[in-house]
Amino acid sequence: MQRSTTEDRERMEDGKEQYSSALASANRMLARRQHAVRELETKLMARFDREPVGRVIERLGELGYLNDEEFAREYARQRFGRSPRSSLSVIVELEGRGVDRDIAGRAVDGVLEDEGLSDEALAESAARKKMAALGPRSAGQLKAKVYAFLAARGFSRTVARRIVLDVLGSEMED
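Cut-offs used in this document
- Residues numbered from 1 in each chain as written.
- Predicted model: local features only at pLDDT ≥ 70, side-chain atom pairs only at ≥ 80, totals over all residues.
- Heavy atoms only, no water.
- Helix = DSSP H or I, 4+ residues; strand = E, 2+ residues; numbered from the N terminus.
- Buried < 20%, exposed > 50% of the residue type's maximum accessible area, 1.4 Å probe, protein only.
- Contact = heavy atoms within 4.5 Å.
- Expected span 1.5 Å × (residues − 1).
- Arc of directions from axis to C-beta.
- Polar contact = N/O pair within 3.5 Å; in protein donor to acceptor, adjacent residues only side chain to side chain.
- Core = buried A, V, L, I, M, F, W, Y, C linked by side-chain atoms within 4.5 Å.
- Patch = residues over 30% accessible without salt bridge, like charges linked within 9 Å, V, L, I, M, F, W, Y side chains within 5 Å.
- Areas by Shrake-Rupley, 256 points an atom, 1.4 Å probe, with all protein chains shown as cover.
- Salt bridge = Lys/Arg side-chain N within 4 Å of Asp/Glu carboxyl O.
- Lys, Arg positive; Asp, Glu negative; His and termini not counted.
- Charge placed at Lys NZ, Arg CZ, Asp CG, Glu CD.

Chemist: Now, about the overall build of the protein: what can you tell me, with residues and values included?
Modeler: Helices and strands together make up the secondary structure of the protein, namely 9 helices and 0 strands. In the protein, buried positions account for 37% of the 174 residues. Excluding contacts between residues fewer than 6 apart, the proportion of contacts in the protein whose partners are at least 24 apart in sequence is 59%.

What follows is the structure, encoded as structure tokens:
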């Protein structure tokens with residue numbers, strides 16, 4: 001009888017220690033940047049047991065430190081500003097971080113509306129940045145490089161083709 005009580009106490013202590021360690025680890029991760037709920041949970045599960053991780057995720061959610069909607073909006077805002085890519089590409093990235101597709105779609109649409117952006121405007125911005133980085137080249141080389149770049153950023157063929165023609169046409173006239 002004494003043995004099981006001692007083991008129970010040890011298990012409880014271990015559970016408390018795991019919870020405290022998992023909470024401290026989660027706080028360090030969140031201090032660096034926001035995380036999606038599932039993204040943080042996956043990182044914590046690599047080091048801690050399911051039960052304390054579940055409690056940590058629940059507690060951080062209660063405190064307002066984990067919110068997939070806010071995370072998705074901020075991620076999309078930064079992604080569109082720093083390295084423009086298609087809206088679909090950002091949605092897929094958010095899904096990869098554990099954000100539900102509907103939440104990701106609403107966040108991306110909201111940011112596009114708030115910022116007055118469209119896939120065409122994002123593609124044009126990306127194309128102009130790429131062209132500046134490429135330096136002097138023939139029109140054919142520029143078209144191929146910029147088109148491939150836009151396609152890699154998730155823009156449709158139609159958008160990429162239109163932007164390449166519009167941007168290169170105006171660049172060639174200057």
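Chemist: Would you mind going over helix α3 (residues 50–62) in detail, with residue names and values included?
Modeler: Between its terminal C-alpha atoms α3 stretches 18 Å, which fits the 18 Å expected from 13 residues at 1.5 Å a residue. Those residues of α3 that fall on the buried side of the exposure criterion are P52, V53, V56, I57 and L60. Take α3 and look down its axis: the buried residues cluster within an arc of 135 degrees, on one side only. Exposed residues lying more than 90 degrees from the buried face of α3 are R50, E58 and E62. One or two positions beyond α3, positive phi appears at G64, with a value near 85 degrees.

Chemist: Describe the environment of L142, and please don't skip the residues or the numbers.
Modeler: Note that L142 resides in helix α8 (residues 139–152). In this structure, the C-alpha to C-alpha distance between L142 and M131, residues 11 residues apart in sequence, is 7.2 Å.

Chemist: Could you give an account of the side chain of S25, naming the residues involved and the relevant values?
Modeler: In this structure, S25 sits in helix α1 (residues 2–32). Of note is the side chain of S25, whose polar atom sits 2.9 Å from the side chain of R47. The contact partners of S25, leaving out residues within four places of it in the chain, are L44, R47 and F48.

Chemist: Give me the nonpolar core: which residues, what numbers.
Modeler: The biggest cluster of nonpolar side chains holds 33 residues, and the ones touching the most others in it are F80, L94, V99, V108 and L150. Mapped by element, the contributors of at least two residues to this core are α4 (68–82), α5 (87–96), α6 (101–115), α7 (119–134), α8 and α9 (157–173). Residues within four places of L94 in sequence aside, it is in contact with F71, A72, Y75, V99, A104 and V108. In terms of nonpolar packing, the next biggest core, distinct from the first, is built from 13 residues, M29, L44, V56 and L60 among them.

Chemist: Which residues make up a positive patch on the surface, and what values go with them?
Modeler: A surface patch of like charges, here positive, comprises R28, R32, K43 and R47. Note that R28 resides in helix α1. Among the residues examined, R28 registers a relative accessible area of 45% and is labelled partly exposed.

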